[in-house]
Amino acid sequence: MSDHDDIRPATRLVTGGRRAEWTAGVVNTPVWRASTILYDDVAHLRTTGARDTHHRLFYGRRGTPTQWSLADALTELEPGAEGTFLYPSGVAAVAACLLTLLSPGDEMLLVDSAYDPTRGLSDKLLARMGVTTRYYDPLIGAGIADLIGERTRVIFIESPGSLTFEVQDVPAIVAAAKARGVATVIDNTWATPLLFPVVERGVDYSILACTKYIGGHSDVMMGSVTAGPGRFAALRDTSFQLGQVVSADDAYLAARGLRTMGVRLERHEASAMRIAQWLATRPEVAQVLHPALPSCPGHDIWKRDFKGAAGLFSFVLAGGDDAARTALIDTLDHFGIGYSWGGFESLAIPVDPQRHRSVTDRAFAGPVVRLQIGLEDADDLIADLERGLAAWRAAQA
Ligand SMILES: *Cc1c(COP(=O)(O)O)cnc(C)c1O
């Protein structure tokens, strides 16, 4: 449990995980690279191995102050959280969390708008282990209660959804889960604990792809799982059994990114809002899928539950084919074309959500484009998109 429950999130970003015994006087926890840890004598080796190694040097796989510092900083961002474990990617974090909770014969309810690799893990590895996955509509809300069966162990939430940004009614789903003793897991990568602290709302495990806003500079892969009360020991045991560890160098980079995440998110939010509102006025655009706009399914829930919006959203073109969409994206100068998001630079990709859905079939008026709005001047990005929309119009002729 954090001892800093009284201070505000922006301050926690600065102070989190900076213990004097780890920093030794410098501001940032240094990179402690280690595999072997040396003991004073055999008795020291034996007593250390026999104790709980949490935050104690033991062997490199259990981490060093560099990793512990980042993990603690993430825990302190989630009021009420018990602890955080780090993973070499967001997908590895999803896998470790689900392997902690699920056994052969169990069932998971997975939101239909989940990140595609989460679906892949469930449909392939977990299915092979005898775990059944049933998909549910992201807008199901309290109706989730009707899907909970005897074998249901986990409800997996991702809000807003990948590619299509439906906002889920997390409090209603958590209430239904708690009534039946089912664990809840959320992929909270979009909002981060700054915009949506979920542990205090009763979610058991909060997953972040730290590759995105935590790292923030498109140069590190990492994931984390933050556990609610009474949930950390099982996660840590499974993660140790799986041999999960991140390098001290990557943990250092992610911690460096974390310190400025608050100010970066404010800029991502402001620019993305302006651009989303501008796109909503354009005749070439049929729908903007941004949680802070009424055109996005679940917008009212976003308004009720979230402290703000991130910089990632999609928009639907008013018709046209893939070639017209390609013309739009290829015309952009300030938007890179590439996977991932959460870095300082803008990105645009074509997305085809229907390929990654099982139980929801939303018809869109045209092709969908996903934008990550970076830290550039929003006016330059709007001018760029204006050129892109002109190219889309030209491709209609
Ligand atoms: C990118 C992403 C992940 C996976 O993170 P990686 O570090 O790329 O493995 C998980 N969930 C969401 C919502 C993501 O956008």
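- An unreviewed UniProt entry lists the protein under the name Cystathionine beta-lyase, from Sphingomonas endophytica.
- As stated in UniProt under Pathway (unreviewed entry), the record for the protein gives "Amino-acid biosynthesis; L-methionine biosynthesis via de novo pathway; L-homocysteine from L-cystathionine: step 1/1."
- Annotation of the protein in UniProt includes, under Cofactor (unreviewed entry), the sentence "pyridoxal 5'-phosphate".

**Topic: helix α4 (residues 65–76)**
Reasoning step 1: Between its terminal C-alpha atoms α4 stretches 16 Å, which fits the 16 Å expected from twelve residues at 1.5 Å a residue.
Reasoning step 2: For α4, the buried fraction is high: twelve of the twelve residues fall into the buried class.
Reasoning step 3: Here α4 has its buried residues at Pro 65, Thr 66, Gln 67, Trp 68, Ser 69, Leu 70, Ala 71, Asp 72, Ala 73, Leu 74, Thr 75 and Glu 76.
Reasoning step 4: On its buried side, α4 packs onto α1 (9–15), α2 (20–23), β1 (83–87), β6 (205–209), β7 (223–227) and α10 (248–259).

**Observations regarding the domain arrangement of the protein**
Reasoning step 1: The domain boundaries assigned to the protein delineate domain 1 (9–259) and domain 2 (261–395).
Reasoning step 2: Distance between the C-alpha centres of domain 1 and domain 2: 28 Å.
Reasoning step 3: Listed as interface residues are 43 residues of domain 1 and, on the opposing side, 40 residues of domain 2.
Reasoning step 4: Of the roughly 3600 Å² buried where domain 1 meets domain 2, counting both sides, 62% is carbon and sulfur surface.
Reasoning step 5: Area buried by domain 1 at its contact with domain 2 is led by Leu 163, Trp 190 and Tyr 213, which between them contribute 23% of it.
Reasoning step 6: Here domain 1 is connected to domain 2 by four salt bridges.
Reasoning step 7: Close ionic contact of Arg 201 with Asp 305 constitutes a salt bridge, the shortest N to O distance being 3.6 Å.
Reasoning step 8: Here domain 1 is connected to domain 2 by 24 residue pairs in polar contact (both at pLDDT 80 or more).
Reasoning step 9: Listing elements by their share of the side of domain 1 that touches domain 2, those giving two or more residues are α6 (116–128), β3 (132–136), α8 (192–195) and α10.
Reasoning step 10: In terms of residue class, the side of domain 1 that touches domain 2 is built from 21 nonpolar, 13 polar and nine charged.

**Focus on the site of the ligand**
Reasoning step 1: Close to the ligand lie 14 residues, the nearest being Gly 90, Val 91, Asp 187, Thr 211 and Lys 212.
Reasoning step 2: Between the ligand and the protein, one listed contact pairs an oxygen atom with a backbone N or O atom of Val 91 at 2.9 Å.
Reasoning step 3: At a separation of 2.6 Å, a nitrogen atom of the ligand approaches a polar side-chain atom of Asp 187.
Reasoning step 4: In isolation the ligand exposes 380 Å². Once the protein is present, 91% of that is buried.
Reasoning step 5: Looking at the shell around the ligand, its residues break down into six nonpolar, five polar and three charged.

**Details of the state of the cysteines**
Reasoning step 1: Going through the model one piece at a time under the given rule, you end up with zero disulfides.
Reasoning step 2: Cys 210 takes part in no disulfide bond, and the closest cysteine sulfur, belonging to Cys 97, lies 13 Å away.

**Points about the packing of helix α11 (residues 261–280) against helix α14 (residues 378–396)**
Reasoning step 1: The contact between α11 and α14 brings their axes to 10 Å, and the two run at 30°. With respect to α14, the element α11 is oriented roughly parallel. By crossing handedness, the relation of α11 to α14 is classed as right-handed. The segment α11 lies against α14, with Ser 271, Arg 274, Ile 275, Trp 278 and Leu 279 engaging Ala 378, Asp 379, Leu 381, Ile 382, Leu 385, Glu 386 and Leu 389.
Reasoning step 2: For the contact of α11 with α14, the class distribution of residues is eight nonpolar, one polar and three charged.

**Thoughts on the sheet that holds strand β5 (residues 183–187)**
Reasoning step 1: Strand order in the open sheet formed by seven strands is β1-β7-β6-β5-β4-β2-β3, with mixed pairing between adjacent strands. The two strands at the open ends of the sheet, each matched to only one other strand, are β1 and β3. Taking each pair of neighbouring strands and ignoring which way they run, the sheet shows an average axis angle of 20°.
Reasoning step 2: When β6 meets β7, the two strands line up antiparallel, connected through five bridges.

**Focus on the UniProt feature "modified residue: N6-(pyridoxal phosphate)lysine" (unreviewed entry) in the protein**
Reasoning step 1: Under the UniProt annotation, the feature "modified residue: N6-(pyridoxal phosphate)lysine" (unreviewed entry) is placed at Lys 212.
Reasoning step 2: Locating Lys 212 in the fold gives a position in the loop between β6 and β7.
Reasoning step 3: When neighbours within four sequence positions are excluded, Lys 212 is seen to be in contact with Thr 189, Ser 340, Trp 341 and Gly 342.

**Points about the packing of α4 against α10**
Reasoning step 1: Packing of α4 against α10 leaves a shortest axis separation of 8 Å and a crossing angle of 35°. Helix-helix and strand crossings are classified by hand; for α4 and α10 the assignment is left-handed. Mapping the contact onto sequence places Thr 66, Gln 67, Leu 70, Ala 73 and Leu 74 in α4 and Ala 248, Ala 251, Tyr 252, Ala 254, Ala 255 and Leu 258 in α10.
Reasoning step 2: Taken together, the residues that form the contact of α4 with α10 break down as nine nonpolar, two polar and no charged.

**Here's the deal with helix α13 (residues 322–331)**
Reasoning step 1: Regarding α13, the residues found buried are Ala 324, Arg 325, Leu 328 and Ile 329. Each buried residue of α13 lies within a common arc of 135° when the element is viewed along its axis, so the set occupies one face.
Reasoning step 2: At its buried positions, α13 is contacted by β9 (312–317), β10 (347–351), β11 (368–372) and α14.

The rules we used
- Residues numbered from 1 in each chain as written.
- Predicted model: local features only at pLDDT ≥ 70, side-chain atom pairs only at ≥ 80, totals over all residues.
- Heavy atoms only, no water.
- UniProt positions renumbered as here; feature names shortened; annotations may be inferred.
- Helix = DSSP H or I, 4+ residues; strand = E, 2+ residues; numbered from the N terminus.
- Expected span 1.5 Å × (residues − 1).
- Buried < 20%, exposed > 50% of the residue type's maximum accessible area, 1.4 Å probe, protein only.
- Contact = heavy atoms within 4.5 Å.
- Domains from an automatic or database assignment.
- Buried area = accessible area lost by both parts, 1.4 Å probe.
- Salt bridge = Lys/Arg side-chain N within 4 Å of Asp/Glu carboxyl O.
- Polar contact = N/O pair within 3.5 Å; in protein donor to acceptor, adjacent residues only side chain to side chain.
- Nonpolar A, V, L, I, M, F, W, Y, C, P; charged D, E, K, R; others polar.
- Near = heavy atom within 4 Å.
- Areas by Shrake-Rupley, 256 points an atom, 1.4 Å probe, with all protein chains shown as cover.
- Disulfide = S-S within 2.5 Å.
- Axes fitted to C-alpha atoms, helices over the stretch in contact; angles between N-to-C directions.
- Parallel < 35°, antiparallel > 145°, perpendicular 65-115°, else oblique.
- Left-handed = near helix turned anticlockwise from the far one by under 90°.
- Pairing = 2+ DSSP bridges.
- Arc of directions from axis to C-beta.

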